[in-house]
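Structural characterization, general
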Amino acid sequence: MYNYIFFTNVLRVLDELRMTKHDLAEKSGVSISFLSDITTGKGNPSLKVMEDIARALQTPLPLLLESTDLDKASLEALAGEKVQSSLPPGYERVAVVLPEHQAFIVKKWGEAAQAKLKPR
């Protein structure tokens, strides 16, 4: 399932950076044919390849693996199985791009939620 989350995020970041797969292939050292396999969900990249791609996209690898823009139903359809959440009911992990002042507020909310989720 992580390869689906990974490839949807790679495609999103490529779009945000206005990069092509050819640009990514040059910067990452990963062949264009394997990148095509990865970004269509057919490839199964190693951790090293994912690190090379993340470095080329100037994006931390955990961000490419943590969440996806796909809704749960679409992700489950791609994965062919039910997606298990690591969060308790009523919580959702999101990724957004915000102006600095709004990001500051959201980070504070995130810290408060993390504090509530920590086992005592």
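Residues numbered from 1 in each chain as written. Predicted model: local features only at pLDDT ≥ 70, side-chain atom pairs only at ≥ 80, totals over all residues. Heavy atoms only, no water.

1. Overview of the nonpolar core
Ranked by size, the top nonpolar core spans 21 residues in total, and within it F6, V10, L24, I53, L57, L61 and L64 carry the most contacts. Of all the secondary structure elements, the ones that give two or more residues to this core are helix 1 (2-17), helix 2 (21-28), helix 3 (32-39), helix 4 (47-56) and helix 5 (61-66). If one sorts the elements of this core by residue count, helix 1 sits on top with 6 residues. Not counting residues up to four positions away in its chain, the partners in contact with L64 are I5, F6, N9, V10, V13, A54, L57 and T59. (Core = buried A, V, L, I, M, F, W, Y, C linked by side-chain atoms within 4.5 Å. Buried < 20%, exposed > 50% of the residue type's maximum accessible area, 1.4 Å probe, protein only. Helix = DSSP H or I, 4+ residues; strand = E, 2+ residues; numbered from the N terminus. Contact = heavy atoms within 4.5 Å.)

2. Concerning helix 2
Regarding helix 2, the residues found buried are L24, A25 and S28. One side of helix 2 carries all its buried residues, which in axial view fall inside an arc of 105 degrees. Exposed residues on helix 2 whose side chains face more than 90 degrees from its buried face are H22, E26 and K27. Positive phi appears at G29, one or two residues downstream of helix 2, with a value of about 80 degrees. (Arc of directions from axis to C-beta.)

3. Here we look at the side chain of D52
Looking at the element boundaries, D52 is found in helix 4. Its relative accessible area of 14% is what places D52 among the buried residues. Here the side chain of D52 touches K48 through a polar contact of 2.9 Å, side chain to side chain. There is a polar contact of 3.1 Å between the side chain of D52 and the side chain of R55. (Polar contact = N/O pair within 3.5 Å; in protein donor to acceptor, adjacent residues only side chain to side chain.)

4. Remarks on the confidence of the model for the chain
Mean pLDDT over the chain works out to 83, with 82% of the residues at or above the 70 mark. At the level of individual helices and strands, the chain shows its lowest average pLDDT in helix 6 (residues 72-79), which scores 62, and its highest in helix 4, which scores 96. (pLDDT = per-residue confidence, 0-100.)

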